[in-house]
Amino acid sequence: MRNEYAETMKKTFLIYPVIYIVTLGICLLFLYLTALIPQQAIREHAAESATYFMNRPLFHKTVGNLENFKADNYADCISTGIAWHFGEGDAYRAIMAANYNRAADENVNVSFEKEMLREGAETESYARYWHGSAGVIRVLLFVTDIEGIRLVTTIMGLLLNGLVVVVLIKKKQYALGIFYAVAFLAVNGVFALSCLEYAFVFLLMPVITLFLLLNKNTTKPLWVQSAFLVTGMLTAFFDFLTAETLTFTVPFALYFIAVGSSQNQAESRKIKRRDDWLLFMKSGMCWCIGYAGMFLSKWGLAAGVLGKDAFVQSFDMAKERISGDVSLTLNMAGEKADLGQRLMGIFQRNAGCLYWGTEDMTAGGVVLITLIAVAVVGTIWYMARKEHYTYDKIWILATVAFIPVIRFLVVSNHAYIHYFFTYRALLVTVMITLYIVYETTVLSEQKGKNRRKKHGRKN
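Draft legend 1. Here's a closer look at the overall build of the chain. Helix and strand content of the chain: 21 helices and four strands. Over its C-alpha trace the chain gives a radius of gyration of 23 Å, about what one expects of a compact globule, namely 23 Å for 459 residues. Entry remark: accessible area of the chain is about 22200 Å², with carbon and sulfur atoms responsible for 65%. With 45 positive and 36 negative side-chain charges, the chain shows a spacing of 15 Å between the two charge centroids.

This is the structure:
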């Protein structure tokens, strides 16, 4: 018996490295194949994209003065430029270097247009990211320009996220489907799909969710953990460091509620709680290993082609995103924020976007809105709370809801500067908060009555 257990564990631990290597190989092959697309086949649409970026601000708000409608043409211009340069010279070296047009004295859109006009523009390497998104852009440049590509991601994203809601409803998780849709809209998910920098997280998130909800094998922890290992890798591959935690937090929460809650019904509550926490921790570890491992793999592979400085520069930039100085003004050379100002700035900026605020929203305004929201939700909960409830999954869900805050604190430089897209990580916080309030109040009693009637008929 002991030998069988040891053999099972040995096979289990062998599976993860195999999955990692295979996934890494597929990602590399994808980029390599995109680099083989002839430059002439995409030149027309690349040039049209360069013109598009030249005629628009690098950063601009598309609806009034709302911060959560800030389009990042700067990042999308860089990604489109990288997609173009994938096709220059040796294919493997090109995808490792990830060059784009940039000169010290001009904006990236100017440099990119010079490249497309064959005027000779300087290039710079962006080797610390995989830029899987640039690979997708390069494929789509074969048939359309940047506007068409954004339309494709928007339509695909709406279909995928809409399908998640449909699947939840078919699984009788009506409230959960509504809360997912509300949270998606609260973080302006539709707009996020229209900007390539933001879109890929909102494409990966529903894909992994649908896999977990529809695949019968995901009742087995090994399948779930393997799925999150791959998801972490693909997030690092496609995402431009935006709201990356969404590809773990939302799929796990939805799976945990809709699928995990129906497992092990014969076990004691103590054993269920233990198994639930193990599932959460192992799934989270797999996602983190996949995510961090993918970055380290890229830095190592890039160093093999470009020299060890590529690894050092990537590592230094990672440290900058974690603890680098932030300015109290738009001028990065201005007065630096101390720890208290940094933390308040992270809260004010990210929460302000969640509240659909403008750049004029003050810290006091954000605090006031937060207190009002807490008071309203708290009052509703207190007045409608169940006298007795035994929903054992609340603490795990609350932990998942808190992950975005941990992310903001760990990568504080990035969360402070790029608040207008990092705030979208709070989608899971909104969704879980609504669900917990629902589950612990009389609002969910009808669901309980229906469940008891169903079991009664069976008996």
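Draft legend 2. Representation of the packing of aromatic side chains in the model. Summed over the entire model, instances satisfying the criterion amount to 32 aromatic pairs. On the basis of an interplanar angle of 0° and a centroid distance of 5.7 Å, the ring pair of F200 and F238 is categorised as stacked. Within this pair, whereas F200 is found in helix α10 (residues 196-214), its partner F238 is found in helix α11 (residues 221-238), the two being separated by 38 residues in sequence. The residues F200 and F238 share a single accessibility class, namely buried. Each ring, one from Y291 and one from F295, has its centre 5.2 Å from the other, and the planes form 75°; the classification is edge-to-face. Placement of the pair is Y291 and F295 together in helix α13 (residues 269-306), with a separation of four residues, close to one helical turn. Through pairs of rings, three or more aromatic residues link up here, namely F59, F69, Y74, F191, Y198, W356, Y419, F420 and F421. Between K70 and the ring centre of F420, over which it is positioned, the NZ or CZ distance is 4.5 Å. The aromatic ring of Y198 is capped on one face by R424, whose charged end is 5.0 Å from the ring centroid.

Draft legend 3. Region of the structure containing the side chain of N109. Along the polypeptide, N109 turns up in helix α5 (residues 108-116). A distance of 3.2 Å separates a polar atom in the side chain of N109 from the backbone oxygen of F53. In this structure, N109 is in contact with F53, M54, R56, L58 and C77, ignoring residues within four places of it in sequence.

Draft legend 4. Seen up close, helix α3 (residues 73-85). Helix length check: α3 (13 residues) gives 18 Å between terminal C-alpha atoms against 18 Å at 1.5 Å per residue, within 8%. All of the buried residues along α3 are N73, A75, D76, C77, I78, S79, T80, G81, I82, A83, W84 and H85.

Draft legend 5. Expanded view of the packing of α10 against α11. Two elements in contact, α10 and α11, have axes separated by 11 Å at closest approach and are oriented at 165°. Overall, the two elements α10 and α11 adopt an arrangement that is roughly antiparallel. For the pair α10 and α11, the crossing hand works out as right-handed. Residues F200, L204, I208, F211 and L212 of α10 pack against W223, V224, A227, F228, T231, L234, T235 and F238 of α11. Class assignment for the residues of the contact of α10 with α11 results in eleven nonpolar, two polar and no charged.

Cut-offs and rules
- Residues numbered from 1 in each chain as written.
- Predicted model: local features only at pLDDT ≥ 70, side-chain atom pairs only at ≥ 80, totals over all residues.
- Heavy atoms only, no water.
- Helix = DSSP H or I, 4+ residues; strand = E, 2+ residues; numbered from the N terminus.
- Rg over C-alpha atoms; globule rule 2.2 N^0.38 Å.
- Areas by Shrake-Rupley, 256 points an atom, 1.4 Å probe, with all protein chains shown as cover.
- Lys, Arg positive; Asp, Glu negative; His and termini not counted.
- Charge placed at Lys NZ, Arg CZ, Asp CG, Glu CD.
- Phe/Tyr/Trp six-rings, centres within 6.5 Å; stacked < 30°, edge-to-face > 60°.
- Buried < 20%, exposed > 50% of the residue type's maximum accessible area, 1.4 Å probe, protein only.
- Lys NZ or Arg CZ within 6 Å of the ring centre and 35° of its normal.
- Polar contact = N/O pair within 3.5 Å; in protein donor to acceptor, adjacent residues only side chain to side chain.
- Contact = heavy atoms within 4.5 Å.
- Expected span 1.5 Å × (residues − 1).
- Axes fitted to C-alpha atoms, helices over the stretch in contact; angles between N-to-C directions.
- Parallel < 35°, antiparallel > 145°, perpendicular 65-115°, else oblique.
- Left-handed = near helix turned anticlockwise from the far one by under 90°.
- Nonpolar A, V, L, I, M, F, W, Y, C, P; charged D, E, K, R; others polar.

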